[in-house]
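Chain by chain, the residues run as shown.
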Protein chains: 2
Amino acid sequence: MSMDHVFAALADPTRRAIIDRLRGGDKTAGELAEPLPISRSAVSQHLKVLETAGLITRSKSAQQRIVALNADALTEAAGWLQAAHDEWQQRFDSLDRILAEEVPTDTSTTDPSTTDRTAD
Amino acid sequence: MSMDHVFAALADPTRRAIIDRLRGGDKTAGELAEPLPISRSAVSQHLKVLETAGLITRSKSAQQRIVALNADALTEAAGWLQAAHDEWQQRFDSLDRILAEEVPTDTSTTDPSTTDRTAD
DNA sequence: CCCTTAATTAAGTGATTACTACAATACACT
DNA sequence: AGTGTATTGTAGTAATCACTTAATTAAGGG
């Protein structure tokens, strides 16, 4: 259930498609394989990758395997991304504030060619 | 800047470590390479992967390359995860509610073997 | 112009990935 | 037991990955 495995699992478009379908509720391995342009064996292998990553759980019901999404692993990965994003955004915002405060003096006030007040 | 590339980039622990360091602000390629147990060449290759994924931007400053985090790609990936997580959680919550309300009746009311009322 | 520093690119290697086709398992129905 | 259905496991293969060393580009200073 390491982050390595979670992100590696999510890197494949077929596996993300499977997760997208699972958002609508549990499915059997066959139902998941049906719209995909690859063999059932390949789907089974993808499911194994997702299971190892902790993103899904599989349970038996007669011959069929019920596949369900596991929210915990999603939460963990989402959390890491959110943390990185938030800290960066915060740093970005404060930089914005600094720039907004300190900019006013730029040119024309300290221009040496206009400060030669020789008129007197 | 596809999701494939973003998640594939995040699947490597070295690259996540680089992103973690970048949360503290911009760094040069050398600064990023210094604590890592791999060659500078390898770090440069990792940076290229992160750049292709849109997770960082690189700019030149004299001989050095300044590396900066790019929040947009992080936002996109975080958004996908969050959407999957939220919809699942919502479905989970309503299932919880249904179970809490509907459990009382289970079996024994529609059993065909007990409806042969031959006693008359 | 030559040399140092900072970083990237090129080539090569061993490990891993995604797929297919085929074989094996597991369960249900007769 | 024997057949059909749902799914997984096992080679085998072509492509990609992470790494190393060696060569290359680019900027600055003598």
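Residues numbered from 1 in each chain as written. Chains lettered and ligands numbered in written order. Predicted model: local features only at pLDDT ≥ 70, side-chain atom pairs only at ≥ 80, totals over all residues. Heavy atoms only, no water.

K.L.:
Just to check I follow, could you spell out the protein's contact with DNA strand C for this structure?
P.N.:
Near DNA strand C lie 22 residues; those nearest to it are H46(A), G30(B), S41(B), S44(B) and R58(B). Sugar plus phosphate: this is where 70% of the atoms of DNA strand C within 4 Å of the protein reside. S39(A) is positioned such that a nitrogen or oxygen atom in its backbone is 3.2 Å from a phosphate oxygen of DNA strand C. In the environment of DNA strand C, a base oxygen lies 2.8 Å from a nitrogen or oxygen atom belonging to the side chain of S41(B). Those elements giving two or more residues to the surface near DNA strand C turn out to be helix 4 (40-52) of chain A together with helix 3 (29-33), helix 4 (40-52) and strand 3 (64-69) of chain B. Looking at the surface near DNA strand C residue by residue, the class counts come to four nonpolar, eleven polar and seven charged. (Near = heavy atom within 4 Å. Polar contact = N/O pair within 3.5 Å; in protein donor to acceptor, adjacent residues only side chain to side chain. Helix = DSSP H or I, 4+ residues; strand = E, 2+ residues; numbered from the N terminus. Nonpolar A, V, L, I, M, F, W, Y, C, P; charged D, E, K, R; others polar.)

K.L.:
Any chance you could explain the relation of the copies chain A and chain B here in plain terms?
P.N.:
Superposition of the two copies of the chain requires a rotation about an axis and a shift along the axis. After a rotation of 180° and a shift along the axis of 0.0 Å, chain A superposes on chain B with an RMSD of 0.1 Å. Interpreted geometrically, this transformation is the action of a two-fold axis. Of the residues that chain A buries at the interface, 97% are likewise interface residues in chain B, meaning the two copies contact each other through the same surface. (Least-squares fit on C-alpha atoms with pLDDT ≥ 70 in both. Contact = heavy atoms within 4.5 Å.)

K.L.:
Is there a simple way to explain the interface of chain A and chain B in this structure?
P.N.:
It is common to report an interface's size as the accessible area lost on association of the parts. Taken together, the contacts link 32 residues of chain A with 31 residues of chain B. Of the roughly 2900 Å² buried at the junction of chain A and chain B (both faces included), carbon and sulfur atoms supply 66%. Run the count over chain A and chain B and you get four salt bridges. With a shortest N-O distance of 2.7 Å, D4(B) and R16(A) are connected by a salt bridge. (Buried area = accessible area lost by both parts, 1.4 Å probe. Salt bridge = Lys/Arg side-chain N within 4 Å of Asp/Glu carboxyl O.)

Scope: geometric values only; no functional claims are made or implied.
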